Amino acid sequence: MAILSQTEAQAILKKVLSFSKADECEATLNGQTGGNVRSARNAISTSGGIDNVALTVESRFGKRSGVATCNQFDDATLRNCVQRAEEIARLAPESPEYMPLLGPQKYLASPGSFSKSTADITPDYRATQVGASMKLCDEKKLTSAAFLNDSAGFVAKRNSKGLEAYQQVSGLEFSITVRTPDGTGSGYATADYNDASKFDARRLTQIAADKAAGSRNAQALEPGKYTVILEPAALVANTDASLLAALMGALDARNADEGRSFLSKKGGGNRKGEKLFDERVTIYSDPTHPEIADLTFSGDGRPQQKITWIEKGVVKNLYTSRYWAQKAGIPDIPRPGGWIMEGGTQSTADLIKGTQRGILVTRLWYIRPVDPQTLLYTGLTRDGTFYIENGKIKHPVKNFRFNESPIIMLNNLEAIGKPVRVGGNLVPPLKIRDFTFTSLSDAV
C-alpha cells in the first residue's frame, strides 16, 4: 500500500477533511517502501525494509493548532485522528507567528523525481550489489564496511482552503569505507541516484579500494596553509555537517535580518545583493533538474521553483518562512531541497594534473561550528589524503584538522571542476588556495 496513486491518496484526504470541524484543516499522506543492507568486514551484518503510509492531520481554531497522526485508514480511525488534532488545538496556546493555510497552488512537473527501477528493487538486488562489492574487497585482501539504502514513495497534501498536491519520489544511496588489513590505509566512496539503473556498487568500491591501497604508510606534513583539491564528497557528503551545506543553510533571511548570520548588516538588514564570493561562484536550485529532481512543493505547500541563490559571487536570494516574509515585506521563498553549484569541465584528475604542489582531500568529517557568524568550521580529513607534486599524487599524508570558512574558501578559488551528484546536490571538485590546516591527526 506504500505507493498510493494520486486518486487513491486524495480520496483519503478528502474523507479526512469531511470529518473536520475546525476553522482550518490540512492533511498530509506520506508513503514509503524500500529497504537497506549494511555490511562490515566483507559480510552482510544487517538488512531491513520499510512499507508504510502515514497520515498527519493539522487542525486549527483561530491561532491555535494541533497535530495528530495515524497509519490506518478506516473511517473510524480517520475520524479519531481528526478529533485528536482538534482536541489538541483547543488546548494549545495561540501562535504569535500564525499564518493562514495556503489556498490552491500551481506546481511544476518533475517526472525525474521517481524511477520505476528504484521502486522495483528487491532484496535479491541489494544482496547482489553488496555481494559484488564485498567480493572485490575479498579479491584484493581489503576489508570493507558499506551501507545501501533505497526507497520509493509519495507525498500527498490537501487542505480546507483548496490546496491539493501530489508527487512520487524515489532514491538510492550507497557509501563504502575500505581499509587495508594492517589498518594504515583507508578509502571512501559514495553516490546517490533517483534512478537505480545508474548504480554500480562494484565501480564505487573500486574507487574506495584504490584510495585505501594508495594511502598506506602516510607521511606527516607540517600544518599550515596549503592549496587543496576538495573532492565533491569532501564538500557535501557528511552525516554531521559539511562546508557547502553550512553555507546553503545560512541563506536564511530571518537570521540575517536579526543579526545572527554572516549575511547580517551592521545597523540592521541583510547583505542580499552584495558580492561576497569569487565571481565564478553560481549556485541555484531547480526541483525539475533531471539529475537531482525533487519535490516541487515544500512542507507547508509553497511551490518550489528554480531559484538562483548566488550568481557570479553575488547573493541574489534568501529563503524565509511565510511569517517572516510577510513581516519583513520580502519575497516569500521556501528553503530548497537539492542545489546545483555550476562548474567547468575538468575532473578531479584534471585538477590534480594542473597542480604544482597541493593536497588532495577525499573526505571531511566530525565537522563542527566554531563561529556561526563567520561560518568558521573545524573538522578532520579522513579516508585518503594525498600530497600532490608536479601534477601527480606523490604519496599519502597523515590526516589534518582544519579551521576554515566556506566564505573564505569560495574567495580563494583556483579552479572549479565538473559537477557530480552527491547528497542530492550537484557539486564540483574545488581547487582552493590557502586552505588552513591547524594540526595533525593520527587517525586513519
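Everything numeric in this text was worked out from a predicted model, so none of it was measured.

Definitions and cut-offs
Residues numbered from 1 in each chain as written. Predicted model: local features only at pLDDT ≥ 70, side-chain atom pairs only at ≥ 80, totals over all residues. Heavy atoms only, no water. Axes fitted to C-alpha atoms, helices over the stretch in contact; angles between N-to-C directions. Helix = DSSP H or I, 4+ residues; strand = E, 2+ residues; numbered from the N terminus. Left-handed = near helix turned anticlockwise from the far one by under 90°. Contact = heavy atoms within 4.5 Å. Nonpolar A, V, L, I, M, F, W, Y, C, P; charged D, E, K, R; others polar. Disulfide = S-S within 2.5 Å. Buried < 20%, exposed > 50% of the residue type's maximum accessible area, 1.4 Å probe, protein only. Salt bridge = Lys/Arg side-chain N within 4 Å of Asp/Glu carboxyl O. UniProt positions renumbered as here; feature names shortened; annotations may be inferred. Pairing = 2+ DSSP bridges. Expected span 1.5 Å × (residues − 1). Arc of directions from axis to C-beta. Parallel < 35°, antiparallel > 145°, perpendicular 65-115°, else oblique.

1. Things to note about the packing of helix H4 (residues 123-139) against helix H5 (residues 201-214)
Running from N to C, H4 and H5 cross one another at 30°; their axes reach a closest spacing of 8 Å. The chirality of how H4 crosses H5 is right-handed. Here H4 contributes Gln129, Ala132, Ser133, Leu136, Cys137 and Glu139 to the contact with H5, which in turn contributes Ala201, Arg202, Thr205, Gln206 and Ala209. Residue composition of the contact of H4 with H5, by class: 5 nonpolar, 4 polar and 2 charged.

2. Points about the state of the cysteines
Tallied over the full model, the rule gives 0 disulfides. The structure places no disulfide on Cys81, whose sulfur is separated from the nearest cysteine sulfur, that of Cys70, by 3.7 Å. Among the residues examined, Cys81 registers a relative accessible area of 0% and is labelled buried.

3. Re the pattern of salt bridges
Counted under the stated rule, the structure contains 26 salt bridges. Notably, a salt bridge pairs Arg260 with Glu258, separated by 2.4 Å at the nearest N-O pair. Overall, the relative accessible area of 43% leaves Arg260 in the partly exposed class.

4. Side note on the UniProt feature "domain: Metalloprotease TldD/E central" (unreviewed entry) in the chain
In the numbering used here, UniProt assigns the "domain: Metalloprotease TldD/E central" (unreviewed entry) feature to residues 147-213. Helix makes up 19% of residues 147-213 and strand 55%, with an end-to-end C-alpha separation of 21 Å.

5. Thoughts on the environment of Gly358
Examined against the element boundaries, Gly358 turns out to sit in strand E12 (residues 357-371). Distance in space between the C-alpha atoms of Gly358 and Ala246 is 25 Å, their sequence separation being 112 residues. With residues up to four places along the chain from it excluded, the contact list for Gly358 reads Thr227, Phe386, Tyr387 and Ile388.

6. Focus: the pairing of strand E2 (residues 43-61)
Looking down a regular strand, the side chains alternate between one sheet face and the other. In this sheet, E2 lies alongside strand E1 (residues 24-40) in antiparallel orientation, the contact comprising 17 bridges. Considered in E2, the bridge of Gly34 is made with Ile50. Hairpin remark: E1 followed by E2, antiparallel, with 2 residues in the connecting loop; positive phi at Arg41, about 55°. What sits between E2 and strand E3 (residues 64-70) in their antiparallel hairpin is a turn of 2 residues, with Gly62 showing a positive phi close to 60°.

7. As for helix H2 (residues 75-91)
The terminal C-alpha atoms of H2 lie 25 Å apart, and with 17 residues this matches the ideal 24 Å at 1.5 Å per residue to within 8%. Here H2 has its buried residues at Leu78, Cys81, Val82, Ala85, Glu86 and Ala89. Buried residues in H2, looked at end-on, bunch into an arc of 130°, giving them a common side. Taken together, the buried residues of H2 touch helix H1 (6-18), E2 and E3.

8. Let's talk about the sheet that holds strand E5 (residues 164-179)
Spatial ordering of the open sheet is given by E3-E2-E1-E4-E5-E6, a layout of 6 strands whose pairing is antiparallel. Each edge of the sheet is formed by a strand with only one pairing partner; in this case those strands are E3 and strand E6 (186-193). Averaged over all pairs of adjacent strands, the angle between their axes in this sheet comes to 15°, without regard to strand direction. Across 7 bridges, E2 lies against E3 in antiparallel orientation. When the sheet's bridge partners are listed, Glu58 is paired in E3 with Val67.

9. Regarding the packing of H1 against H2
Two quantities define a packed helix pair, namely the angle between the axes and the distance from one axis to the other. Contact geometry of H1 with H2 gives a least axis separation of 9 Å together with a crossing angle of 55°. Judged on the interaxial angle alone, H2 and H1 are oblique. H1 and H2 meet at a crossing whose hand is right-handed. Of the residues in H2, those in contact with Ile12, Lys15 and Val16 of H1 are Asp75, Leu78 and Val82.

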